[in-house]
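Summary of structural features
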Amino acid sequence: MRRRWLVLAVLWTAGWGQGSSCAFAAFDQAVKQAEVVGLVEIERHVPQAGAGFPGVLDMQVRVLATYVGQPDAQRLTVRGDDGMSPYPYVTQYPVGTRWVLALTRKDWRTGKPMPAGRYSPVACTGLGLLVSGPVAYGVLTRYGQTGPADVLPLKQLPAWIKAMRARR
């Protein structure tokens, strides 16, 4: 009897791990699904009160360059994880850093567009690409790789994004 309960518990928790593992796809997958891909600078984390306690759920970013689509403003609010969403926690994006993010206007729960100026990272992707000087770092095509992050010069980024989107 105990063995049966143990097997059920393992199967139940394995389902949880499988459901949450989607938050770690490579950036090429995000680019294929994104409505907007842009170089942004993190301006601030937006505190929000919910369920009786304050938390940082969103961040405000300034769009520096756009590679795919056209955002509806130069300053956007990007949704972060609230503990139940497949997005990264915004605290993983330090204020003042620059990132290449793949964004969507669709709410992952309903599939409906969010209000103007609000975006979310493409669900089931990693953080994006961290930009330092003239290069971007991150997991470009293979999640779970070993060794250092992939490095892509920003000058090559538009051509790389175009090639990834052509593979849809």
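Residues numbered from 1 in each chain as written. Predicted model: local features only at pLDDT ≥ 70, side-chain atom pairs only at ≥ 80, totals over all residues. Heavy atoms only, no water.

1. Looking at the pattern of salt bridges
Overall, the coordinates contain six salt bridges when judged by the stated rule. Here Glu 43 ties to Arg 62 by a salt bridge, and the two come within 3.6 Å at their closest N and O atoms. Here Glu 43 is found in strand β1 (residues 36-50), whereas its partner Arg 62 is found in strand β2 (residues 53-68), with 19 residues between them in sequence. Among the residues examined, Glu 43 registers a relative accessible area of 25% and is labelled partly exposed. Owing to a relative accessible area of 29%, Arg 62 belongs among the partly exposed residues under this scheme. A salt bridge links Arg 105 to Asp 72; the nearest nitrogen and oxygen atoms lie 3.4 Å apart. Placement of the pair is Arg 105 in the loop between β4 (98-104) and β5 (118-121) and Asp 72 in the loop between β2 and β3 (75-79), with a sequence separation of 33 residues. Members of the salt-bridge network, linked through shared partners, are Glu 41, Glu 43, Arg 62 and Arg 75. (Salt bridge = Lys/Arg side-chain N within 4 Å of Asp/Glu carboxyl O. Helix = DSSP H or I, 4+ residues; strand = E, 2+ residues; numbered from the N terminus. Buried < 20%, exposed > 50% of the residue type's maximum accessible area, 1.4 Å probe, protein only.)

No statement about biological role is implied by the geometric values presented.
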